[in-house]
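Chains, contacts and geometry: an overview
Spelled out from the first residue to the last, the chains are:
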Amino acid sequence: MIITVASGKGGTGKTTVAVNMALSLDNVQLLDCDVEEPNSHILLQPKIDETEPVYTKFPVISEELCVYCGKCSKFCAYNALFVAPKTVMVFPELCHSCGGCTLVCPKNAITEKERQIGVIKKGEANGVEIIYGELNVGEAMAVPLIKAVKNQMKSDKNVVIDAPPGTACSLVASVHKTDYCILVTEPTPFGLHDLKITVQVLRNLGVPMGVVINRAGLGDNKVYEYCEKENIPLLLEIPFDKKIAELYSRGVPFVAEMTEWKKKFLKMRDKIKS
Amino acid sequence: MKICVSASSGSLDANVDSRFGRCPYFVIVDSETMEFNAISNDSTNAAHGAGIQAAQTVVNMGANVVITGNVGPNAFNVLSASGIKIVIGASGSINEAIEKFKSGQLKEVTNPTVGGHFGMGKGMGRGR
């Protein structure tokens, strides 16, 4: 089963839930798709066995063959090509690597080259296999790296995906083709606001979902009321507890010291399965 | 000479829009006859690369000069590569801006005047 942990709002506890759940299950693969700021490995402290570069393609124009017809620039939905009267300019950071420009060019003047956008790292800790991406600083193209992380997925494993915050391309790429999405929120106006947006995205994608309320006891009841009204199951509450906060502040996953929580995460997984 | 002005709407009385890539209209004026031609700018809602797309429109229309308020790095680079003169700091109506340009009161720039995403408005959170 592939379960994604997402939130919309940043800092609600996605990584906390993903790592603690991974440590509670058997035969687990944890994929940290928050490639801009991967944090799961900080809690898990894996030994990294392998680092692989990840590349994306961009067009290169042969000035000898180009007749400056402008068909490539007209085709490009992301404005990565500009055709001036006597030159063509390429903006690799805007290119989404679809390859369409190479197909529409009537003179076969366009070839594709690769550039590195980041790396993926693979390691293991406490029986959990972890794979995470690290996007180069200043790089806008997170999706190809997220896909590279997800390509490492093994079908015989219980897969937990730690998704990035936000509700745009990076989230969609992370949650795409997963069986279930856990939405981690906090009972505050901010948590509720961003939860509502994320619920809309997941409904559009047709991914079933449930909510984990982190820092329960803080704030108000509006998240509970919203979930009830929208028929979104409440899977688990993690209390606003000093011990949990202390362990987090030291970079320790709380199930490591509060082992009774493993059962709660297992129960949550069983609830999701049924 | 064909002068392209970034504009709030499609006439000579329209105001100059200070944004290049995301202005609503481009008004292309023949500086000798003051005959003009207005086209709406398709790049206003582009997530990325609005300046590049807008510059492609301007180049395709055969403009020699662009008059606007500000110009970002990508638009500056592509307009320069196309041999188009970039004149900034314009405000008021298009008629006024063209008169000021003709009398040398507006300055041609040799560097971008704002960073990327300048014309996207505040709080759109699209910087990722």
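Calculation rules
- Residues numbered from 1 in each chain as written.
- Chains lettered and ligands numbered in written order.
- Predicted model: local features only at pLDDT ≥ 70, side-chain atom pairs only at ≥ 80, totals over all residues.
- Heavy atoms only, no water.
- Salt bridge = Lys/Arg side-chain N within 4 Å of Asp/Glu carboxyl O.
- Helix = DSSP H or I, 4+ residues; strand = E, 2+ residues; numbered from the N terminus.
- Buried < 20%, exposed > 50% of the residue type's maximum accessible area, 1.4 Å probe, protein only.
- Contact = heavy atoms within 4.5 Å.
- Buried area = accessible area lost by both parts, 1.4 Å probe.
- Polar contact = N/O pair within 3.5 Å; in protein donor to acceptor, adjacent residues only side chain to side chain.
- Nonpolar A, V, L, I, M, F, W, Y, C, P; charged D, E, K, R; others polar.

We now examine the pattern of salt bridges. In the structure shown here, the tally under the stated rule is 15 salt bridges over all chains. Here E139 of chain A makes a salt bridge to R115 of chain A, at a shortest N to O gap of 2.7 Å. Residue E139 of chain A is located in the loop between β7 (128-135) and α5 (143-150), and its partner R115 of chain A is located in strand β6 (residues 110-125); the two are separated by 24 residues in the primary sequence. Of the two residues examined, E139 of chain A and R115 of chain A, each falls in the buried class. Among the salt bridges present, the one from E108 of chain B reaches K85 of chain B, with a minimum N-O distance of 4.0 Å. With E108 of chain B in strand β6 (residues 107-108) and K85 of chain B in strand β5 (residues 85-88), the pair connects residues that are 23 residues apart, well separated along the chain. On the accessibility criterion, E108 of chain B (46% relative accessible area) is partly exposed. It is possible to trace a salt-bridge network through shared partners that takes in K9, E186 and R215 of chain A.

With that out of the way, let us pick up the interface of chain B and chain A. In this assembly, 15 residues from chain B lie in contact with 14 residues from chain A. Across the chain B to chain A interface the summed buried area is about 1200 Å²; carbon plus sulfur atoms make up 62%. Where chain B meets chain A, there are zero salt bridges. For the interface between chain B and chain A, the tally reads five residue pairs in polar contact (both at pLDDT 80 or more). Of all the elements in the fold, those that place two or more residues in the side of chain B that touches chain A are α1 (50-60) and α2 (73-81) of chain B. Split by residue class, the side of chain B that touches chain A holds seven nonpolar, seven polar and one charged.

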